[in-house]
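# Working through the structure, step by step
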Amino acid sequence: MTSSLQQETFDCRKIFAETLIELARQNERIVVVCNDSVGSSNLNDFKKEFPDRLINVGIAEQNMIGVAAGLANSGFIPFVSCAGPFLSGRALEQVKADVAYNMYPVILCAQSPGVSYGELGPTHHSIEDFSWIRALTDITLLSPADPKQTKDAILWAAKANKPVYMRVNRFKIPKTTPEHSPFEVGKALVLKKGKDVTLITTGILVSRALEASSILEEQGISTRVLNIHTINPLDKEAILAAASETRGIVTMEEAITTGGLGAAVAEVVVEHHPTKMRILGVSHFAPTGSASFLLDHFGLSVENIVKSAYELVR
Amino acid sequence: MTGMQGVLGKNDKDRLLKLSQIAAEIRIDIVNTIAAAKMGHIGGDFSVTDILVSLFFGVMNYKSQEPHWADRDRFILSKGHCSAALYSVMAKAGYFKHEQLGEFMQPLSFLGGHPNRRKLAGIEANTGPLGHGLPIGVGCATGAKLAKKTCRTFVVLGDGELQEGSNWEAAMYAGHRKLENLMAIVDRNRLQQGAGTEDTNALDPLPDKWRSFGWDAYELDGHNFQELLEVMDAPFTGKPKVIIANTIKGKGVSFIENRVEWHHKVPSAEQNVQAIKELTHS
Ligand SMILES: Cc1ncc(C[n+]2csc(CCOP(=O)(O)OP(=O)(O)O)c2C)c(N)n1
């Protein structure tokens, strides 16, 4: 039942690096802070052009966040680039106290999030970031779906003048965002307007949700698809519309379901318009396997998305 | 099979030769394992091989068929990305069958990219995020003291890994508590993931740093079994000990040695053949 569409796929790290260079050329306050991750963050070109503005503190993530906070204090706009698990988890207290509580405009860029480091195992999976960062106040939590949204998120964050956490996907994905659609932080992107069931998702799973919706449409089930690229602040209006206008909601995320996107949607739904939901996502420490193997393992295959939606409207 | 301590005494020529033969076999296992999986961290695997071989086949007390034996020496590979080296050593030490190395990083395998104690008995701690091994080792050593046991704890660290502050929190405490049953071994290959350690966040003078935290520090050639065994097996001195083991990242294969890109590059089929040739004749 997987799509027969042969689409070109993208690794968002490329646009991430290109956008930072573009920004740095225009604004000398843009700096990058990282942890021995110049290569894995694709920052070699940035380093060549702006050697002084790439601050590699070594393998020292707590220090990395503190240094970024201090740079923000000095008037810089620091982009922190680090593998997701060591950014959100390793330095969580620094993210809370040094960045969020101080309201420093630090942009935390979580490279290779979710299960994209498949075989390297749970220590290297960044699946808790939605829950952890969502629990902090005053951080905008962005989860771009494709290269366009990654670029838009970076451009927005550079001007936002507040703490931001965003994922930079490594898992190869097709483009899903229409060319001219605006990137409005805090507002869901409606990709399909169906009436029977709503698929709510984010990041790399947007393309799978779209595939699932095509299959559902073929079966006569009209499907609404929302790309929630901003997890905090959440677009309550779009969620409530889905709860009241369709018969059920399936959420799917490349993250642990405890406290993640599905939980966030459920909090809104339960309080304002209870409706049937299925919450798909990672449920426990992963076994060994590649990223795509693990997505399927945790029920995030197109087939299982279709099945879950079908169960809600049957 | 039990630990070979006693079988392989130190200062014995034949036995030192035996250790280097084991190390050559381990390096071949590592290349084959990584080539098959098309993933792994070969540079650091090769720099740490002789340290692991010394510990598992010359120094430590353990029973691979009874991995939870209470009196065993504890071993923690803090630089957990070098799991292929550890698995190869553990297979040879009898923890599991040699042919199972072929399962490295395969779907649902017990040999994941980082060691997992839920899946493989004999692993004391799941590692991978750098900077976790020494604090856990401090706990093991403290536990042994509380239980009045004479077993020792060995923690192998990467040098780049020492940039993590958690190591220094542990070092400070171990020195303060005089944990003489604890030994840290730093795989001092002078390279980290993206560059040299001294170009990134310098560590020298490394022995002085440890001494100032209350440790006995020894600097030696991390590919010399005699030097390694002498310090590893020395009696307790009232202080924790650290070995700064000077090593070569990629040791044993000419085109891998000292090249930063081989931190996690995977050999091609031809490179695999070449590597095995060099390791066989070494
Ligand atoms: C907390 C943390 N930050 C970053 C990484 C990514 N990483 C994996 S290995 C490595 C370099 C390690 O260098 P070193 O400790 O010197 O090991 P070796 O050179 O012996 O392989 C890095 C940065 C990690 N595993 N954990």
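Quick caveat, the model's predicted, so the values are computed rather than measured.

### Details of the nonpolar core
Counting 110 residues, the largest nonpolar core has L55(B), F56(B), F75(B), F96(B) and I185(B) as its most contacted members. Of all hydrophobic cores here, the second largest spans 58 residues; its members include I107(A), V115(A), A157(A) and L280(A).

### With respect to the UniProt feature "domain: Transketolase-like pyrimidine-binding" (unreviewed entry) in chain A
Look at the UniProt record and you will see "domain: Transketolase-like pyrimidine-binding" (unreviewed entry) annotated at residues 10–175 of chain A. As a span, residues 10–175 of chain A carries 41% helix and 17% strand, and end to end its C-alpha atoms are 7 Å apart.

### Considerations on the site of the ligand
In the vicinity of the ligand, 25 residues are found, and the nearest of them are E61(A), K79(B), H81(B), D159(B) and K249(B). At the site occupied by the ligand, the surrounding residues belong to chains A and B. Contact distances for the ligand include 2.9 Å between an oxygen atom and a backbone N or O atom of L191(B). Taken by itself the ligand offers 590 Å² of open surface, and the protein chains cover 96% of this.

### Re the packing of aromatic side chains
Using the criterion set out here, one finds 10 aromatic pairs over all chains in the structure. Summarising the aromatic geometry, the rings of W168(B) and F213(B) are spaced 5.4 Å apart at their centres and angled 40° between planes, so their arrangement reads as tilted. One end of the pair, W168(B), is in helix α5 (residues 165–176); the other, F213(B), is in the loop between α7 (206–212) and β4 (216–221), and 45 residues separate them in sequence. Centre to centre, the rings of W210(B) and W215(B) are 4.7 Å apart; their planes meet at 65°, and the pair counts as edge-to-face. The residues W210(B) and W215(B) share a single accessibility class, namely buried. Connected via pairs of aromatic rings, a cluster forms that spans F56(B), Y62(B), F75(B) and Y95(B). When the ring centre of F50(A) is taken as reference, the NZ or CZ atom of R53(A) above it lies at 4.6 Å.

### Side note on the pairing of strand β2 (residues 153–158) of chain B
Residues and elements named next belong to chain B. β2 sits mainly inside the fold: 6 of its 6 residues count as buried. Side chains of β2 alternate between two faces, with T153, V155 and L157 and F154, V156 and G158 buried alike. As paired elements, strand β1 (residues 74–77) and β2 share 4 bridges and run parallel to each other. For R74, the partnering residue across the bridge sits in β2 and is T153. The pairing of β2 with strand β3 (residues 182–188) spans 6 bridges and is classified as parallel.

### Concerning the sheet that holds strand β5 (residues 241–246) of chain B
Residues and elements named next belong to chain B. Read across the sheet, 5 strands follow the order β1-β2-β3-β5-β4 without closing on themselves; strand pairing throughout is parallel. Strands at the two margins of the open sheet, each flanked by one partner only, are β1 and β4. Direction aside, the axes of adjacent strands within the sheet are offset by 20° on average. Relative to β5, β4 runs parallel, the two sharing 6 bridges.

### Side note on the UniProt feature "domain: Transketolase N-terminal" (unreviewed entry) in chain B
UniProt's feature table lists "domain: Transketolase N-terminal" (unreviewed entry) at residues 21–278 of chain B, given in the numbering used throughout. For residues 21–278 of chain B, the helix share is 39%, the strand share is 11%, and the end-to-end C-alpha distance is 13 Å.

### Quick look at α5(B)
All names here are of chain B. Here α5 spans 17 Å end to end across 12 residues, near enough to the 16 Å set by a 1.5 Å rise per residue. On its buried face, α5 sits against α4 (133–146), β2, β3 and α7. Positive phi shows up at K178, right after α5, with a value of about 50°.

### Focus on the interface of chain A and chain B
Counting residues at the interface gives 20 residues for chain A and 29 residues for chain B. Roughly 1800 Å² of surface becomes buried between chain A and chain B when both sides are summed, with 53% attributable to carbon and sulfur atoms. Together, I59(A), R90(A) and T288(A) form the three largest contributors to the area buried by chain A at its contact with chain B, with a combined 33%. Inspection of the chain A/chain B interface yields 1 salt bridge. A salt bridge links R90(A) to E164(B); the shortest N-O distance between them is 3.3 Å.

### Re the packing of helix α2 (residues 42–59) of chain B against helix α3 (residues 83–92) of chain B
Residues and elements named next belong to chain B. At a minimum axis separation of 9 Å, α2 and α3 run at an interaxial angle of 30°. Judged by the inter-axis angle, α2 sits roughly parallel to α3. Note that α2 runs across α3; the crossing there is right-handed. Taking contact as the criterion, the partners of D45, V48, L52, V53, F56 and F57 in α2 are, on α3, S83, A84, A85, L86, V89, M90 and K92.

### Side note on the pairing of β3(B)
Residues and elements named next belong to chain B. By the criterion of burial, β3 is predominantly enclosed, with 7 of the 7 residues buried. Residues L182, A184, V186 and R188 point to one face of β3 and M183, I185 and D187 to the other, with burial holding for every one of them. Read from β2 through α5 to β3, the crossover connection turns out right-handed. Strand direction decides the pairing type here: β3 and β5, joined by 6 bridges, are parallel. Considered in β5, the bridge of A184 is made with V242.

### Considerations on the sheet that holds strand β9 (residues 223–227) of chain A
All names here are of chain A. Taken in spatial order, the 5 strands line up as β7-β9-β8-β11-β12 in an open sheet, and their pairing is mixed. Sheet topology places β7 (189–193) and β12 (277–282) at the edges, where each strand pairs with a single neighbour. Across this sheet, the average inter-strand angle for adjacent strands is 15°, counted without regard to direction. Two strands pair when backbone bridges link them, and strand β8 (residues 197–201) and strand β11 (residues 249–256) are joined in this way by 4 bridges, in the parallel orientation. Across the sheet, the residue bridging to T198 is I249, located in β11.

### A closer look at the pattern of salt bridges
A side chain with one charge may pair with a side chain of the opposite charge, provided their charged atoms come close. Under the defined criterion, the tally for this structure stands at 30 salt bridges over all chains. For the salt bridge of D296(A) with R208(A), the shortest nitrogen-to-oxygen distance reads 3.1 Å. Here R208(A) lies in helix α8 (residues 205–218) and D296(A) lies in helix α11 (residues 291–297), a separation of 88 residues in the sequence. R208(A) gets classed as buried once you look at its relative accessible area, which sits at 15%. As a salt-bridge pair, R188(B) and D204(B) come within 3.1 Å of each other at their nearest N and O atoms.

So, how was this worked out
Residues numbered from 1 in each chain as written. Chains lettered and ligands numbered in written order. Predicted model: local features only at pLDDT ≥ 70, side-chain atom pairs only at ≥ 80, totals over all residues. Heavy atoms only, no water. Core = buried A, V, L, I, M, F, W, Y, C linked by side-chain atoms within 4.5 Å. Buried < 20%, exposed > 50% of the residue type's maximum accessible area, 1.4 Å probe, protein only. UniProt positions renumbered as here; feature names shortened; annotations may be inferred. Helix = DSSP H or I, 4+ residues; strand = E, 2+ residues; numbered from the N terminus. Near = heavy atom within 4 Å. Polar contact = N/O pair within 3.5 Å; in protein donor to acceptor, adjacent residues only side chain to side chain. Areas by Shrake-Rupley, 256 points an atom, 1.4 Å probe, with all protein chains shown as cover. Phe/Tyr/Trp six-rings, centres within 6.5 Å; stacked < 30°, edge-to-face > 60°. Lys NZ or Arg CZ within 6 Å of the ring centre and 35° of its normal. Pairing = 2+ DSSP bridges. Axes fitted to C-alpha atoms, helices over the stretch in contact; angles between N-to-C directions. Expected span 1.5 Å × (residues − 1). Contact = heavy atoms within 4.5 Å. Buried area = accessible area lost by both parts, 1.4 Å probe. Salt bridge = Lys/Arg side-chain N within 4 Å of Asp/Glu carboxyl O. Parallel < 35°, antiparallel > 145°, perpendicular 65-115°, else oblique. Left-handed = near helix turned anticlockwise from the far one by under 90°. Right-handed = clockwise from strand over helix to strand, strands pointing away.

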